[in-house]
Amino acid sequence: MILLFCILPVPSAVPMKKIALVYTLGGRYDEILPPLWALALATYMRQAAPGIKVDILDEQVLGAKRLAGLLARRYDLAGFSPVTQTYGNVLKFARVAKKNGSMVVFGGHYASALKKEILANRGPGSADYCLDAIVCYDGEKALHELARGTPFGGIKNLVYLTPGGQLAENPVEIMDFSRLPPVDYTLLDLERYFKIQERKMGKLGIGRTLSFIAQRGCKWAAGAGRCIFCGIQTMGGVRCIPPESAARQLSSLYRKYGVRHVYEAGDDYPANPAWLREFSAAASRLKMPALEVYAKATTLNPANAALLKAAGVKYVCVGVESFSDDILRRLNKGASAAVSRRAVSVLLEAGLIPNTALILGLPGETRETLSLTLSELKKIGLPPDCCQRTCLNIVAICPGTRLWQMLLEKEPKYRGQDLPDSHELRLDYLKHFCEAGEADLEAALKVFSNYFAARAKAGRPGRGKAA
Ligand code: SF4
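Keep in mind that this is a model prediction, so the values were computed, not measured. (Residues numbered from 1 in each chain as written. Predicted model: local features only at pLDDT ≥ 70, side-chain atom pairs only at ≥ 80, totals over all residues. Heavy atoms only, no water.)

Caption draft 1: Up close: the site of the ligand. Taken together, Cys218, Ala221, Cys227, Phe229, Cys230, Ile232, Asp267 and Lys296 make up the full set of residues near the ligand. Of the residues belonging to the shell around the ligand, the class tally is 6 nonpolar, no polar and 2 charged. (Near = heavy atom within 4 Å. Nonpolar A, V, L, I, M, F, W, Y, C, P; charged D, E, K, R; others polar.)

Shown next, in the form of structure tokens:
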């Protein structure tokens, strides 16, 4: 609750000496990766303000107790980038940081989408004051200005409450992504991550893995083709690192740190044909880690699949979501089941491994559409190596998505909330938008998982026939 008639505390504008960028857990994760957002910000800060110490505190390697202990060491600023699954946990650590005198700042898609609600419920003057400001869109310059002690009013991309309790949204500045320094992965102890990966993912033949991003933004997200479950907050279209530079940076991860697998976080990797051609030409001349990229089914064709293959791409995660045309129409994806099937076969013919991303419980889901999706999947008969690691989830209703808006129209009780009960939210969503109930979705999730597991097992030496 905002106290409108008193003067709210505004953190004093003094230059800082010590900053923590904090990654917290939430939900269940099998894959342990160094947090790319924190590495990118820390790299920028080291170049822009070498006198300021920036620590990346990662719960994945530290554990909750040690992380809380470190946050108690009085950082001038603690920065977090919550997502739907981690937001509750982020608040716990934000309270620790605030109690110990830090300025607390959130960034990322979740905080940007719920900026008003978060500042009202957690900002200065609220009963749970643990946050001072939110950075929307690019965070590099805003963090630098905060660290220099620039008053809030002079920092682009910053959203905060004025001393009178009014929401202030500063002008937005989009950075030239191609001019940012390459991410310095040595700011973290990579071997520590690789050891945990080996323990958790080694059986899948995946280790020494990092994430990387050469393209920020998605060309579909800002327009009519935005998927209704997409929560990204985007400005400035798609911004890319020059293709040759991206290839060189990836190759240096292979040579310098022995990285063997890279998750490329771009949203539709082959969407820019000219960029992909140059990247592929440069990468094909270099030693590269195996790349895993995302692609829209509608973007894939034999020509760009061949370029991906030549560039060292091994896995392509295709957003299939469902094989029901009725559901796909409601998603605004512009893809049909036939387009998804064709995309999968294009990838297989090019010698790439498709990971078919499926979401159970999308609007219009029924027991029949769940059965249809499973039977279509069986008809495709994905080879075993396509079933090792799958992207299979029950739909999550995330702030900033069209789905979230649709639910709020039906259930106004969620307006103003920044931390709704996720189970209640799911039940309300299913009540309004799906014929399939929660039990149907949980059962289907098991059936799909078992199907993928059986096929993957069949591919291992000495095993029987595929399911
Ligand atoms: S879900 Fe992915 S492909 Fe769809 S609009 Fe969002 S970023 Fe783009």
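Caption draft 2: Spotlight on the sheet that holds strand β14 (residues 353–360). Spatial ordering of the open sheet is given by β8-β11-β12-β13-β14-β15, a layout of 6 strands whose pairing is parallel. Edge positions in the sheet fall to β8 (209–212) and β15 (392–394), since each has one partner strand and no second. When the angles between neighbouring strand axes are averaged without regard to direction, this sheet yields 20 degrees. In this sheet, strand β12 (residues 290–295) lies alongside strand β11 (residues 261–264) in parallel orientation, the contact comprising 3 bridges. For histidine 261, the partnering residue across the bridge sits in β12 and is alanine 290. Helix α8 (residues 190–201) contacts β8 and β11 of the sheet and is inclined by roughly 115 degrees relative to β8. (Pairing = 2+ DSSP bridges. Helix = DSSP H or I, 4+ residues; strand = E, 2+ residues; numbered from the N terminus. Axes fitted to C-alpha atoms, helices over the stretch in contact; angles between N-to-C directions. Contact = heavy atoms within 4.5 Å.)

Caption draft 3: Geometry of the nonpolar core. By size, the foremost hydrophobic cluster in this structure holds 143 residues, and its most contacted members are Leu71, Phe80, Phe106, Phe279 and Val316. In terms of residues, this core owes the most to one element, helix α1 (residues 36–48), which gives 7 residues. When residues of this core are assigned to domains, at least three fall in each of domain 1 (18–169) and domain 2 (208–458). Setting aside residues no more than four positions away along its own chain, valine 316 makes contact with Val293, Ala295, Leu300, Leu308, Leu347, Leu352, Ile353, Pro354 and Asn355. In this structure, Ala221, Cys227, Cys230 and Ile232 belong to the second largest nonpolar core, which totals 5 residues. (Core = buried A, V, L, I, M, F, W, Y, C linked by side-chain atoms within 4.5 Å. Buried < 20%, exposed > 50% of the residue type's maximum accessible area, 1.4 Å probe, protein only. Domains from an automatic or database assignment.)

Caption draft 4: Structural context of the sheet that holds strand β1 (residues 18–23). In space, the 7 strands of this open sheet follow the order β2-β1-β3-β4-β5-β6-β7, with mixed pairing throughout. Two strands in the sheet have a free side with no partner beyond their single neighbour: β2 (53–58) and β7 (167–169). On average, each strand axis in the sheet is tilted by 20 degrees relative to the strand beside it, whichever way the strands run. Here strand β6 (residues 158–161) runs beside β7; their pairing, made up of 3 bridges, is antiparallel. Its bridge partner being in β7, tyrosine 160 is matched across the sheet by alanine 168. Across the sheet, helix α3 (residues 64–71) touches β1, β2 and β3 (77–80), and the angle it forms with β1 is around 160 degrees.

Caption draft 5: Inspection of the environment of glycine 217 at higher detail. Within the secondary structure, glycine 217 is located in the loop between β9 (215–216) and β10 (239–240). In sequence terms glycine 217 and leucine 331 are 114 residues apart; their C-alpha atoms lie 19 Å from each other. Other than its neighbours up to four places away in sequence, glycine 217 contacts Thr234, Gly237, Val238 and Asp267.

Caption draft 6: Main features of the side chain of serine 211. Following the sequence through the fold, serine 211 ends up in strand β8. Take serine 211: its relative accessible area is 10%, and that puts it in the buried class. With near-sequence residues (within four places) excluded, serine 211 lies in contact with Leu33, Pro34, Leu36, Tyr185 and Tyr263.

Caption draft 7: Here's a closer look at the domain arrangement of the protein. Segmentation of the protein into domains returns domain 1 (18–169) and domain 2 (208–458). Of note, the centres of domain 1 and domain 2, computed from C-alpha atoms alone, are 28 Å apart. With both sides pooled, the region where domain 1 packs onto domain 2 buries about 1800 Å², and carbon together with sulfur makes up 58% of that total. Remark: the boundary between domain 1 and domain 2 carries 4 salt bridges. Linking domain 1 with domain 2 are 9 residue pairs in polar contact (both at pLDDT 80 or more), by the criterion used here. Every element with two or more residues in the side of domain 1 that touches domain 2 is listed here: α4 (87–99), α5 (109–113) and α6 (115–122). Residues of the side of domain 1 that touches domain 2, tallied by class, amount to 10 nonpolar, 5 polar and 5 charged. (Buried area = accessible area lost by both parts, 1.4 Å probe. Salt bridge = Lys/Arg side-chain N within 4 Å of Asp/Glu carboxyl O. Polar contact = N/O pair within 3.5 Å; in protein donor to acceptor, adjacent residues only side chain to side chain.)

Caption draft 8: Structural context of helix α13 (residues 337–349). Between its first and last C-alpha, α13 extends 18 Å over 13 residues, near the 18 Å set by a 1.5 Å rise per residue. Within the sequence span of α13, burial applies to Ala337, Ser340, Ala343, Val344, Val346 and Leu347. Looking at the buried residues of α13, the elements they touch are α11 (302–310), β13 (313–321), α12 (325–331), β14 and α14 (367–380). Positive phi shows up at glycine 351, right after α13, with a value of about 85 degrees. (Expected span 1.5 Å × (residues − 1).)

Caption draft 9: Structural context of the pattern of salt bridges. Considering all chains together, one arrives at 27 salt bridges under this definition. The salt bridge involving aspartate 440 is made with arginine 367; its shortest N-O contact spans 3.0 Å. Highlighted residues: aspartate 440 in helix α17 (residues 438–458) and arginine 367 in helix α14, separated in sequence by 73 residues. The partner of glutamate 409 in a salt bridge is arginine 402, and the shortest N-O contact between them spans 3.6 Å.

Caption draft 10: Up close: the side chain of threonine 401. Along the chain, threonine 401 turns up in the loop between β15 and α15 (402–410). What makes threonine 401 buried here is its relative accessible area of 2%. Reaching out from threonine 401, the side chain makes a polar contact with the backbone oxygen of cysteine 398 at a distance of 2.6 Å. Excluding anything up to four places from it in sequence, threonine 401 contacts Ile228, Phe229, Cys230 and Gly231.

Caption draft 11: View of the pairing of β13. Counting buried positions over the 9 residues of β13 gives 8, a clear majority of the element. As defined by bridge partners, β12 adjoins β13 across 5 bridges and the pair is classed as parallel. By the bridge assignment, leucine 291 is partnered in β13 with valine 313. Note on the crossover from β12 through α11 to β13: the handedness is right-handed. Here β13 pairs with β14 via 6 bridges, running parallel. Along β14, the bridge assignment pairs cysteine 317 with asparagine 355. (Right-handed = clockwise from strand over helix to strand, strands pointing away.)

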